[in-house]
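Summary of the model geometry
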Amino acid sequence: MIIPPESMSPPKVCVQLGQLPAFWPDSAVFLANLQCVFFGQPEQTRHLVRNIKGFSSYGSRLLPILDLLYKAGDNLLVLAAEPEQSLMDYFQHSLGLRLPKIMVSPSDGTCSFGGLPQDNQQLEQIRLHPARFLDCFITETHLEPEAKRLGKTPRNSYQACLQANDKVLLNRFLADEGLPIFDGGEAKLSGNLKEPFDKLRRQGYHRAVVRSAQGASGFGMAIVVLDNIEWARLHQKNFSGDAVLFQGWVEEGVLDCSAVNSPSVQFFCGGDGKAFLYDLTEQLLSLHSVHEGNLSPPIGLTAEPAVKADIIRQASRVVGWVSQLGYRGLGSIDFLVFTRSGQPQVYVCEINARVTGATYPSMLALHCNPGGAWLMRNMVFHPCMTSPEFMHFLEGRDLLFLPGKQQGVLPVNLITGDNGGIVKMQLLFLAGSTDECLAMLENFSTLLPNTCRFDTD
């Protein structure tokens, strides 16, 4: 277990679900360096970039929230691709959001120098920008010295960012604190995994999951069928190192488990000795447990008062630990909630100490529709409409969310292909209740071409 510096005293954890914290009072240069989520591991980075459709445009999701996060304004957002102008017009003129200045610096798909531009003129613009802080998705090892060379203060150190996202360290912390942990433990990929897998099989599990210390969007994770382990395929997975967690896979009907849910707590670690838990969501996952969207407030087992209280209790302990590691900024704590022999169980799965797929919709929903409900869903879209045409489609059917409306669809990001047509989008459904959000989603899907389907984040 890594011991935080003695000067890092435990923060005060403030629980204010449904209310945005007072974020940073400063300005920042923010690097949309999503290609660095594996902390510079080249093979994992290439695999991520190859397999996520529209990857270079994902950073545009920061457009509507950056000035909510850095409240002084005059922020600079460094993107790998141009954002859609029609969406920017909507954010600015229809929703009244203040947007950051934009710098476009195409990425080569690697994590060179932490995601900073390689163009000298752009680097000079960053150096001259009045913002003191340099923020990003992940503080990769090269970024700290490069940021300081540009006269900027990194919001996070490489060490704090790395440790706060480490699934193996988290499991050790949970065990040391007496919090629930999944059956299984630590192992090395290079070692003998047969014995721990055999133990899980004897306990009654049908499947196990192997988790890398670092991972994102389903990468760095492998699900193993215990009666038919494909060893060659397992070792071909893009894990970020030799140390992994192996855990029994909780699923309906196995070991008397039922009502399996995956809630997520959104948090913010401030720099004033405070940390905040500000939203509780239900994750919408694919069959392979990859994030496809979120719903808030949650429904089902997660919404039960005793379960919700236990989620918040454990999240408070975990976010306190993350803050003591030195991490500062946004993130989420993912849980698994289920019943075993009729009794509710609450387990922490992982921490994502960065701007996550739930951060954008949560911040926008709490800002634009306070006191309401929201649902965010990712969709793959047949490229038959351009962004202006899609915005016109929403307006023409009175679906577009506008201030003062009781409900509507708020496009967070629209990703276009080579021909200018939309190929992927992140849509936020806002209403007064979760039932209304779900009904809106169902109705919306009937209005779209049958080539539109849900996809991973």
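Here goes a summary of the coordinates provided. (Residues numbered from 1 in each chain as written. Predicted model: local features only at pLDDT ≥ 70, side-chain atom pairs only at ≥ 80, totals over all residues. Heavy atoms only, no water.)

**Examining the sheet that holds strand β8 (residues 207-216)**
Hydrogen bonding along the main chain pairs the strands of a sheet, whether they run parallel or antiparallel. The strand order across the open sheet formed by 4 strands is β7-β10-β8-β9, and the pairing between neighbours is antiparallel. If you trace the sheet from one side to the other, it starts and ends with β7 (184-188) and β9 (219-225), each paired once. In this sheet, neighbouring strand axes are inclined to one another by 25° on average, regardless of whether the strands run parallel or antiparallel. Bridge count for β7 against strand β10 (residues 243-248) is 5 bridges, and the pairing is antiparallel. If you follow G184 over to β10, its bridge partner there is Q247. (Pairing = 2+ DSSP bridges. Helix = DSSP H or I, 4+ residues; strand = E, 2+ residues; numbered from the N terminus. Axes fitted to C-alpha atoms, helices over the stretch in contact; angles between N-to-C directions.)

**Brief notes about the packing of aromatic side chains**
Applying the stated criterion across every chain, the model contains 13 aromatic pairs. Relative to F268, the ring of F23 has its centre 4.9 Å away and its plane inclined at 90°; by these criteria the two rings are edge-to-face. Separated by 245 residues along the polypeptide, F23 in the loop between β1 (12-15) and β2 (28-31) and F268 in strand β12 (residues 263-269) bring together distant segments of the chain. Side by side, F23 and F268 carry an identical accessibility label, which is buried. When the ring of F429 is compared with that of F444, the centres are 5.6 Å apart and the planes differ by 75°; the resulting orientation is edge-to-face. With a gap of 15 residues between them, F429 in strand β19 (residues 422-431) and F444 in helix α13 (residues 434-447) connect regions that are remote in the sequence. Both residues of the pair, F429 and F444, count as buried. Taken together, the ring pairs in this structure connect F23, W24, F268, F276 and Y278 into an aromatic cluster. (Phe/Tyr/Trp six-rings, centres within 6.5 Å; stacked < 30°, edge-to-face > 60°. Buried < 20%, exposed > 50% of the residue type's maximum accessible area, 1.4 Å probe, protein only.)

**A few points about the nonpolar core**
F390, L410 and F444 are the most contacted members of the largest nonpolar core, which totals 82 residues. When residues of this core are assigned to their parent elements, the largest contribution, 8 residues, is made by β19. With near-sequence residues (within four places) excluded, F390 lies in contact with M385, L414, I422, M425, L427, F444 and L448. In this structure, A164, L170, C269 and A315 belong to the second largest nonpolar core, which totals 30 residues. (Core = buried A, V, L, I, M, F, W, Y, C linked by side-chain atoms within 4.5 Å. Contact = heavy atoms within 4.5 Å.)

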